Amino acid sequence: MIHSLFLINQSGDIFLEKHWKSVIGRSVCDYFFEAKEKAVEPENVPPVLQTPHHYLITIFRGKLFFLSVIQTEVSPLFVIEFLHRIADTIQDYFGECSETVIKDNVVTVYELLEEMLDNGFPLATESNILKEMIKPPTILRSVVNTLTGGSNVGDMLPTGQLSNIPWRRAGVKYTNNEAYFDVIEEIDAIVDKSGTTVFAEIQGVIEACVRLSGMPDLTLSFMNPSLLDDVSFHPCVRFKRWEAERVLSFIPPDGNFTLMNYHVSSQNVVAIPVYVKQSINFFESGSCGRLDITIGPKQTMGKTVEGLMVTVHMPKAVLSVNLTPTQGSCTYDSATKVLVWDIGKLNPQKLPNLRGSLSMQSGAPKPEENPSLNIDLKIQQLAISGLKVSRLDMYGEKYKPFKGVKYVTKAGKFQVRS
Amino acid sequence: MSASSAFNDEKGGSSSVGEPEYGHDPASGGIFSSDYKRHDDLKEMLDSNKDSLKLEAMKRIVAMIARGKNASDLFPAVVKNVACKNIEVKKLVYVYLVRYAEEQQDLALLSISTFQRGLKDPNQLIRASALRVLSSIRVTIIVPIMMLAIKEAASDMSPYVRKTAAHAIPKLYSLDPEQKDQLIEVIEKLLADKTTLVAGSVVMAFEEVCPERIDLIHKNYRKLCNLLIDVEEWGQVVIINMLTRYARTQFLNPNINESLLEEGGSGEKTFYGSDDEEDEDEEEKEKKAETAAMAKRKPYVMDPDHRLLLRNTKPLLQSRNAAVVMAVAQLYFHLAPKAEVGVIAKALVRLLRSHSEVQYVVLQNVATMTIKRRGMFEPYLKSFYIRSTDPTQIKVLKLEVLTNLANETNISTILREFQTYIKSMDKDFVAATIQAIGRCATNIGEVRDTCLNGLVQLLSNRDELVVAESVVVIKKLLQMQPEKHSDIIKHMAKLTDNIQVPMARASILWLIGEYCEHVPKIAPDVLRKMAKSFTNEEDIVKLQIINLAAKLYLTNSKQTKLLTQYVLNLAKYDQNYDIRDRARFIRQLIVPTEKSGALSKYAKKLFLALKPAPVLESPFKDRDHFQLGSLSHLLNAKAGGYQELPDWPEAAPDPSVRNVETEEVITTGEGRIGLLGDWREVPEWTKCSSREKRKEKKVEKPFYSDSEGESGPTESADSESDSGSGSESASGSEVSASGSESEESEEGSESEEEEQKDKKKTKKELKKPVQESESEQSSEEEERKHARKSKISKSESESESDEEDESESESSESESEDSESEAEVKKKKKAAESKPPCKPVKKENKKEKKEISLLDLDDFDPTPSPQVTPVNSFLSSSLVTDLEGLSLSDSVLAPATMAPSSALKSYELLHRITGEGLQVEFCFSRQPFSPDANMVAVQMHFTNNASADAKSLHMEDVKLQSGMRVREFPEIELLPAGETATAVMGIDFCDSTQAANFQLCTQTRKFFVSIQPPVGELMRPVFLTENEFKKEQGQLMGMNEITEKLTLDATCRNEHTIVQRVTAAANLSRVPCGSDKECRFAGRTVTSGSLVLVTVVTREEGAAQLTVNCEKMVIGTMLVKDILLALTQ
């Protein structure tokens, strides 16, 4: 399966390598560098490359390339999914997945990699188990360790991997028992120039933060589960119960995890919370253009729209902008040609507007297409699909936990064509 | 190869440290000298006594490894720390060892003994990690040690250790492929394992070592299907992919009728049906109708096992792991009836929300699927709409899917989408869109004109790439109806002035040449312009200019003769030899000379032949002959190790090969974790219909309709007696029957069989009563040999000459036979009662014989003798030959778990390799040690495998923890080569599990060994009545009581097995008890005589509670763990 792993930063330095079978020389990465050169943009590097003796499967995450070397037939998704799991684990351990963090914790990362794969086949990938074996660093512990010479490796042998519930560590104890669920919905939409919705759907996710002692058995039920069209679960969820009763029954992992992802059935008309009036014009002569964008509320269910932000990838010819927002701030990065207008809260009384001129490279032809606008927004205390959690019950333990559900709606891939 | 590299490194290492790496690791080159100095202080730190220093040093070394710097010169300093007590240091040393062992083979061997010791550790996690590291050290010399370790671990009590063993199999295989046969045996054994922990890993090993041995799966098929949902996600992927292949060989194509009807009928194909294809279609239709009619005569009925697979994989579409979803999707695509494939679409569309790499792979697979089954994804058309922020490679793939999905109802929406895409800033994407439009136009006749007009408009686009791509596509479209579009051709002719992209220029020239008759006035003028610029054109354009010239010469020689000659002359002196060649060739062909051959007459026909319009095909067409989701599919080329997806069989192979005892199937269901759903048993209909089927096949067998129908082995035995078609498949199933036997019975039968073999070999040593039983055994053996056409007797003589391979094959063969008979005996009563009269008499005899012989053996059973045979080590037949000469009068005949009192676990004290031929094993005989009642009796078996005699075996230099005492065994004066001897020693462990360390000495050598007792051996049984027990228990409450809840393993839910397992784990005696829900045991520790009371209370569905009351809390805690382990596995 996975033979070796190389971590490569965007400038092409290999700063970590790990081999699970015999050692493969770094020169194998040259094929990747070649492809990277050709692709220009890092996200356009083909994830799977064929070289004379090996196959390279790469993911690009957090400005890093995770490059794995494969020698024989394997399901590519298997490797990709696993590489992402590595990145997730690093993120989980150190708060972010970046070159500096990995370099600072190189030994811990290396130990993690050692535990996660055996002979290239995944061994322990559940973060609960890994944390039992290799404790994540905290400031307190690192201070203690330097004083006492202690270590990050658990001195107890982890029992989690022997258990029937491999995702939960044993002997969890909290003084405050709490279970919080965040229902986060994202609107994916494409709105065309005239304001009609070409395509819209709602993708939701339930993120859980469960800190409960012992072995709690939880049941989460919804008021309107029929809204959910397609779902995917954390392995802890009992699928049969869902099929039969449409409730989520599970013994949770300890800590933060994604309980389920869902898709709201397509029959429901998706409410689009904002409308965008825009006109972007480039003039044939004089190498300049005009931009005028106004955003207003559409279907917000009486809630305020926050964190509103508009991102525009301008054509290459746009050199600089001279724009004035009535609200928020506007920046233009002339290197990446990205215009960001950070609006903040949407005030229905006074609609935010951005207008001004664009100056273009002289002599450049008028761009074919107007750039499309990517909208970001957030609505607190609202699940736009109308999904509601009805109750959370706990079995198996005697104490009374604190429970909480939070709803947030965000813009996912929300694009307005112009 | 690895050996030679080791040699090099060794040489390099001795001359100058680290030098060889220096050459090919430029990264470390620059700071090499400073590295070298730093290494010195690392060495110092490693040699120090402080763990913190060692840890610091190891951390720095591992950081070096991580950065790819060479740290191999530190090997000797690091390997010393392999036995370090500090876990983190140890772990880092392991990391180092695994990385460099291959380069420093000799030094790496120093660490082996540590791992070998670890393999015997009572803690399963330590055993597992020892095996993991041992098997990761790629040193060829330890292959036999690894083999042995794997075999032993494969029958370890702990499923985690067995999982590790499964992981180790491919490692050993890649190190030494010659071990394949032995490894397959281990795989076969592990495939029969019933725990979810092992399933994924062993299938992985199966796929890497012996993917072609599909027959090993038969007996495990249903179990794998049922376990699937609880296997960890990575294992699920591997199992599903394997089962897809399996199903393709074993079941019939569920779409056999539909696919024929669909393709032949006027279904979806009509959109593609262009005019000229119609004739062919007609023919095909007829043909297909015929076959369809034929197929109708044989109605398709899905094999229940096929259904089982589909049903049990379906929930996994809801997995969070994209690889699992993809695996299920491909399984459905390849195996499901057409009507059911639809379910996967939704899940695959969901994956499009995931990381872009996941999208990339999923879209490739969706693209392939949409060609075969368009309808499936049509409802999700909009999910493939493209966003400007998508990476180009994703855009292009989505475009591909959209094009595949286009049909006359949705084409207008799709084209409107395409319209927006054409304006994109991403030019590669625009080019792909234009091609997509071209494909839509060719496929869907209605929109051809619209598309063409749109493309023509693009010809005035400012971007040259767009224009060029349009020209290429228009060229293809025009070929379909050139006469209608001469104005377009004219328009394009004008473009030659502006357009610079060679491919586009070439396309225009070709078009003009091909249709010069439609544009008679323009064509010569274009040639004139081209002749002018000829020298500056790209090669591909030059070739088309020559082409155009030739065609014009043939149609309009008056106007173009001179021009053509001019062009040909230019071409004659071109740098490119292709062009020179072409010019020469064309000149000969078209310019009539005296010498010109017969061909020139046909020049016109050659050049102006009617050319068929190109078919614009998806690059994903026919990719589905690769298993979807595989690397090979993605690359559209066979990757190394890819297993072809077989075609459906014409006729279904015998479904009965998958039959296992019903009993077993149900226990598998119960043994599930029970978390992800409710437990499933084999559904009723499975049994019914499979029985029905068999009825169809073998009507002459009335006894299948009676109640004992399902048992696999019995059945196959029956069908063996059946003549004709049945016999072949039956013999196949018989062999594989052994695999599915429950583990206990297999172990048992194995040891039984081993024993028989041993007896044969060691006749001279057998005591009298044993000989008696042996003769009986052998007569029984005779009987079987008869059935087996006396294969065994042949191999027997061979095995006597110590041919390892031979004895191997023999053992496996007779093993399967034995396990079969074992199973038969198990159900003997029922079978005997319900056996139909048509049963051959000989069989009946055999059965009875066996019964008797087994009973006889049982008689030997209870006598606990000091001579105990290690059950576990019996796995390797090489070991068997090692142990030959051990007289085996008792105990082994019953399987370990069935009679724990007799089958005592044996531990290795000295391995025959480390012991240089001397092998020592020990076990706790549970006999009172007569010289000193406070000591635990330890039974030692010495085997001398060396060629020379061993003399004066004795103990020396005993190192003990304070308070412990040892009574040495009497010196063994002489142990001749090939002989074995037994001795008993006594150790007072002081009620602790501390090891007793001592040296085992022969005349010439000394070996450091240690004996560490499991806690259960530190006690001896006492007899208490129920009341006494309750009274004592009442006094040992509070801190002295430890209670644990547990779920009993499916195989040990009855009282009998619980008693067996507990007594096997600890030397306790049963306390009589009124309730059958409670089992009580009592004992006293050997040294202090503290009471140990154990209670197991069983509840419904395997729930149970274990209580241990013991004054010594440490003993109590350890005992709880051991018993828990024994009961849950």
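Source: prediction; values computed, not measured.

Visitor: How do you make sense of the overall build of chain A when you look at a structure like this?
Guide: Along its length, chain A carries seven helices and 23 strands. For chain A, contacts bridging at least 24 residues in sequence account for 69% of all contacts bridging at least 6. Surface summary for chain A: the accessible area is close to 17300 Å², and the carbon and sulfur share equals 50%.

Visitor: How do you make sense of helix α18 (residues 304-313) of chain B when you look at a structure like this?
Guide: All names here are of chain B. The buried fraction of α18 amounts to eight of the 10 residues, a majority that puts the element mostly inside the structure. Regarding α18, the residues found buried are Pro-304, Asp-305, His-306, Leu-308, Leu-309, Leu-310, Asn-312 and Thr-313. In this structure Asp-303 caps α18, since a side-chain oxygen of it lies 2.7 Å from the backbone nitrogen of Asp-305.

Visitor: Just to check I follow, could you spell out the pattern of salt bridges for this structure?
Guide: When the charged atoms of two side chains with opposite charge come close together, those side chains can pair. Using the criterion set out here, one finds 58 salt bridges over all chains in the structure. Here B:Glu956 ties to B:Lys1006 by a salt bridge, and the two come within 3.1 Å at their closest N and O atoms. Of this pair, B:Glu956 sits in strand β4 (residues 950-959) while B:Lys1006 sits in strand β9 (residues 1006-1011), and the two are 50 residues apart along the sequence. Here B:Asp988 makes a salt bridge to B:Arg965, at a shortest N to O gap of 2.9 Å. One end of the pair, B:Asp988, is in strand β7 (residues 980-988); the other, B:Arg965, is in strand β5 (residues 965-967), and 23 residues separate them in sequence. A relative accessible area of 3% places B:Asp988 in the buried class. Owing to a relative accessible area of 35%, B:Arg965 belongs among the partly exposed residues under this scheme. Each of A:Lys18, A:Glu114, A:Glu115, A:Asp118, B:Lys91, B:Arg132 and B:Lys171 takes part in one network of salt bridges that share partners.

Visitor: Please explain the packing of aromatic side chains as it appears in this structure.
Guide: For any pair of aromatic rings, geometry is given as the distance between the ring centres together with the angle between the planes. Enumeration over the complete set of coordinates arrives at 23 aromatic pairs over all chains. Each ring, one from B:Tyr221 and one from B:Phe251, has its centre 5.9 Å from the other, and the planes form 65°; the classification is edge-to-face. Of the two residues, B:Tyr221 is situated in helix α14 (residues 221-227) and B:Phe251 in the loop between α15 (233-250) and α16 (256-264); the sequence distance between them amounts to 30 residues. For B:Tyr221, a relative accessible area of 0% translates into the label buried. Summarising the aromatic geometry, the rings of B:Phe922 and B:Phe924 are spaced 5.8 Å apart at their centres and angled 90° between planes, so their arrangement reads as edge-to-face. Take B:Phe922: its relative accessible area is 3%, and that puts it in the buried class. An aromatic cluster of three or more residues is present, and its members are A:Phe32, A:Phe33, A:Phe60 and A:Phe65. One cation-aromatic arrangement involves B:Arg658 over B:Tyr221; the distance from NZ or CZ to the ring centre is 5.5 Å.

Visitor: Is there a simple way to explain a nonpolar patch on the surface in this structure?
Guide: A surface patch of nonpolar side chains, amounting to about 320 Å² of accessible area, comprises B:Leu599, B:Tyr602 and B:Leu606. Mapping B:Tyr602 onto the fold places it in the loop between α34 (577-590) and α35 (603-607).

Visitor: Any chance you could explain the side chain of A:Asp118 here in plain terms?
Guide: One can find A:Asp118 in strand β6 (residues 117-118). In this structure the side chain of A:Asp118 is engaged in a polar contact, spanning 2.8 Å, whose partner is the side chain of B:Lys171. Those residues within four positions of A:Asp118 in sequence are excluded, and the remaining contacts are A:Leu123, B:Arg132, B:Ser136, B:His167 and B:Lys171.

Visitor: Sorry, what's going on with the environment of A:Arg391 here?
Guide: Residue and element names in this part refer to chain A. For Arg-391, the location among the structural elements is in strand β22 (residues 389-395). A sequence separation of 170 residues divides Arg-391 from Ser-221, and the C-alpha atoms of the two residues are 5.5 Å apart. In contact with Arg-391, other than residues within four places in its own chain, are Thr-219, Leu-220 and Ser-221. Engagement of the side chain of Arg-391 in a polar contact is seen with the side chain of Asp-393, the distance being 2.8 Å.

Visitor: It is not clear to me how the sheet that holds strand β21 (residues 373-380) of chain A should be interpreted in this structure. Could you clarify?
Guide: Residue and element names in this part refer to chain A. Across the sheet, which stays open at both edges, the nine strands sit in the order β11-β13-β9-β8-β23-β21-β16-β19-β18 with mixed pairing between neighbours. The two strands at the open ends of the sheet, each matched to only one other strand, are β11 (228-233) and β18 (329-333). In this sheet, adjacent strand axes meet at a mean angle of 15° when their direction is disregarded. Examined bridge by bridge, strand β9 (residues 197-211) and strand β13 (residues 255-264) share eight bridges and lie antiparallel to one another. Counterpart to Cys-209 in the pairing with β13 is Asn-256.

Visitor: Even after reading the chapter, I still don't get the sheet that holds strand β15 (residues 288-297) of chain A, so can you show me in this structure?
Guide: Sheet strands associate in pairs through backbone hydrogen bonding, adopting either a parallel or an antiparallel arrangement. All names here are of chain A. Here four strands make up an open sheet; going across it, the order is β14-β15-β20-β17 and the pairing antiparallel. Of all strands in the sheet, those bounded by a partner on one side alone are β14 (274-282) and β17 (318-325). Across this sheet, the average inter-strand angle for adjacent strands is 15°, counted without regard to direction. Pairing of β14 with β15 involves nine bridges; the strand directions are antiparallel. Pairing of Phe-282 across the sheet is with Gly-289, part of β15.

Visitor: Where do I start with the confidence of the model for chain B in this structure?
Guide: Detailed reading of the predicted coordinates is not advisable wherever pLDDT falls low. Residues and elements named next belong to chain B. Put simply, chain B has an average pLDDT of 73, and 71% of its residues get 70 or more. Of all helices and strands in chain B, the one with the weakest mean pLDDT is helix α39 (residues 712-721) (38), whereas helix α19 (residues 322-335) scores best (92). Note on residues 1-34: pLDDT is under 50 here. Beyond four places in sequence and across chains, it has 27 contacts. Considering only residues more than four positions removed or in separate chains, one finds that residues 260-282, a stretch of pLDDT under 50, has 21 contacts. Both scores are available for the predicted complex, with the pTM at 0.65 and the ipTM at 0.90.

Visitor: Where do I start with the packing of helix α27 (residues 448-458) of chain B against helix α28 (residues 464-478) of chain B in this structure?
Guide: Packed helices, taken two at a time, are described by the angle between their axes plus the distance between the axes. Residue and element names in this part refer to chain B. Running from N to C, α27 and α28 cross one another at 150°; their axes reach a closest spacing of 9 Å. Here α27 and α28 pass one another in a crossing that is left-handed. Facing α27, whose interface residues are Leu-452, Leu-455, Val-456 and Leu-458, α28 presents Val-466, Val-467, Ser-470, Val-473, Ile-474, Leu-477 and Leu-478. A breakdown of the residues in the contact of α27 with α28 according to their chemical character gives 10 nonpolar, one polar and no charged.

Visitor: Mind showing me how you'd approach unusual backbone geometry here?
Guide: For residues besides glycine, phi is generally negative; the peptide bonds are generally trans as well. Backbone geometry places A:Gln381, a non-glycine residue, at a positive phi of 55°. Relative to the assigned elements, A:Gln381 resides in the loop between β21 and β22. The residue B:Asp991 is not glycine, and still its phi comes out positive at about 55°. Relative to the helices and strands, B:Asp991 is located in the loop between β7 and β8 (996-1001).

Visitor: What is the right way to read the packing of α19(B) against helix α21 (residues 343-351) of chain B from this model?
Guide: All names here are of chain B. Between α19 and α21, the shortest axis-to-axis distance is 10 Å and the interhelical angle comes to 150°. Between α19 and α21, the angle falls in the class roughly antiparallel. Remark: the crossing between α19 and α21 carries left-handed chirality. On α21, the residues touching Ala-322, Val-325, Met-326, Ala-329, Tyr-332 and Phe-333 of α19 are Val-343, Ile-344, Ala-347, Leu-348, Arg-350 and Leu-351. Partitioning the contact of α19 with α21 into residue classes produces 11 nonpolar, no polar and one charged.

Visitor: In this structure, what is going on with the interface of chain B and chain A? I would like to understand it.
Guide: Note: interface size is frequently given as the accessible area lost on complex formation between the parts. On the side of chain A, 99 residues touch chain B, which itself brings 96 residues to the contact. Of the roughly 8600 Å² buried where chain B meets chain A, counting both sides, 58% is carbon and sulfur surface. Here chain B is connected to chain A by 12 salt bridges. Of the charged contacts, one joins B:Lys91 and A:Glu115 as a salt bridge, the two residues approaching to 3.6 Å between their closest N and O atoms. At the junction of chain B and chain A, the tally comes to 39 residue pairs in polar contact (both at pLDDT 80 or more). By residue number, the principal contributor to the side of chain B that touches chain A is helix α5 (residues 51-66) of chain B, which donates seven residues.

Visitor: Is there a simple way to explain the environment of A:Asp217 in this structure?
Guide: All names here are of chain A. Inspection of the secondary structure puts Asp-217 in strand β10 (residues 217-222). Separated by 32 residues in sequence, Asp-217 and Ser-249 have C-alpha atoms that sit 7.3 Å apart. Other than its neighbours up to four places away in sequence, Asp-217 contacts Arg-238, Ser-249, Phe-250, Ile-251, Asp-393, Met-394 and Tyr-395. A polar contact is formed between the side chain of Asp-217 and the side chain of Arg-238, at a distance of 3.1 Å.

Visitor: Would you explain helix α30 (residues 502-514) of chain B in this entry?
Guide: Quick reminder: α-helices carry 3.6 residues per turn. Residues three or four places apart thus point the same way. Residues and elements named next belong to chain B. Given a rise of 1.5 Å per residue, 13 residues ought to cover 18 Å, and the 18 Å separating the end C-alpha atoms of α30 matches this to within 8%. Within α30, 11 of the 13 residues are buried, leaving the element largely enclosed by the surrounding structure. Buried residues of α30: Ala-504, Arg-505, Ala-506, Ser-507, Ile-508, Leu-509, Trp-510, Leu-511, Ile-512, Gly-513 and Glu-514, and no others.

Visitor: Would you explain the environment of B:Arg967 in this entry?
Guide: All names here are of chain B. With respect to the helices and strands, the residue Arg-967 is situated in strand β5. Separated by 38 residues in sequence, Arg-967 and Phe-929 have C-alpha atoms that sit 9.9 Å apart. Not counting residues up to four positions away in its chain, the partners in contact with Arg-967 are Phe-929, Pro-931, Met-935, Met-985 and Gly-986.

Reading the values: rules and limits
- Sequence order as written defines residue numbering, which begins from 1 separately in each chain.
- All chains are assigned letters beginning with A, and all ligands numbers beginning with 1, in the order in which they are written.
- Reporting in this predicted model follows two pLDDT cut-offs: at least 70 for local features of residues, and 80 or more for side-chain atom pairs to be given and counted; totals over whole chains, interfaces and linings ignore these cut-offs and use all residues.
- The basis for the side-chain values is all heavy atoms of the structure; hydrogens and waters are excluded.
- Elements are defined by DSSP. Helices are runs of H or I of four residues or more, strands are runs of E of two residues or more, and each kind is numbered from the N terminus.
- Here, residues are in contact when the closest pair of their heavy atoms is within 4.5 Å.
- With residues, only the protein chains shown are counted as cover, and all accessible areas are computed by Shrake-Rupley using a 1.4 Å probe.
- Working definition: with a 1.4 Å probe on protein chains only, accessible area under 20% of the residue-type maximum means buried, over 50% means exposed, and in between means partly exposed.
- Any N or O atom pair separated by 3.5 Å or less is treated as a polar contact, with the protein-specific requirement of one donor-capable and one acceptor-capable atom, and with residues adjacent in sequence counted only for side-chain atom pairs.
- Salt bridge, as used here, is a side-chain nitrogen of Lys or Arg placed within 4 Å of a carboxyl oxygen of Asp or Glu.
- A pair of Phe, Tyr and Trp rings is counted when the ring centres sit within 6.5 Å of each other, with Trp represented by its six-membered ring. The angle between the planes then sorts it: under 30 degrees is stacked, over 60 is edge-to-face, the rest tilted.
- By definition here, charges over rings are those cases where NZ of Lys or CZ of Arg is within 6 Å of the ring centre and within 35 degrees of the ring normal.
- For patch building, the residue pool is restricted to those with more than 30% relative accessible area and no salt bridge; the joining distance is 9 Å between like charges and 5 Å between nonpolar side chains (Val, Leu, Ile, Met, Phe, Trp, Tyr).
- Only strands joined by at least two bridges in the DSSP assignment are considered to pair.
- Here the axes come from fitting lines to C-alpha atoms, over the contacting stretch only for helices, and the angles between their N-to-C directions go from 0 to 180 degrees.
- Values of pLDDT, which run from 0 to 100, indicate the predictor's confidence residue by residue.
- Throughout, a crossing is termed right-handed when the near helix is turned clockwise from the far one, and left-handed when it is turned anticlockwise from it by less than a right angle.
- All residues other than Ala, Val, Leu, Ile, Met, Phe, Trp, Tyr, Cys, Pro, Asp, Glu, Lys and Arg, Gly among them, are scored as polar; the first ten of these are nonpolar and the last four charged.
- Note on angle classes: values under 35 degrees are labelled roughly parallel, values over 145 roughly antiparallel, values of 65 to 115 roughly perpendicular, and the remainder oblique.
- Two parts lose some accessible area (1.4 Å probe) when they are put together, and adding that loss for both gives the buried area.
- Expected span of a helix, by definition, is 1.5 Å for each gap between consecutive residues, and there is one gap fewer than residues.

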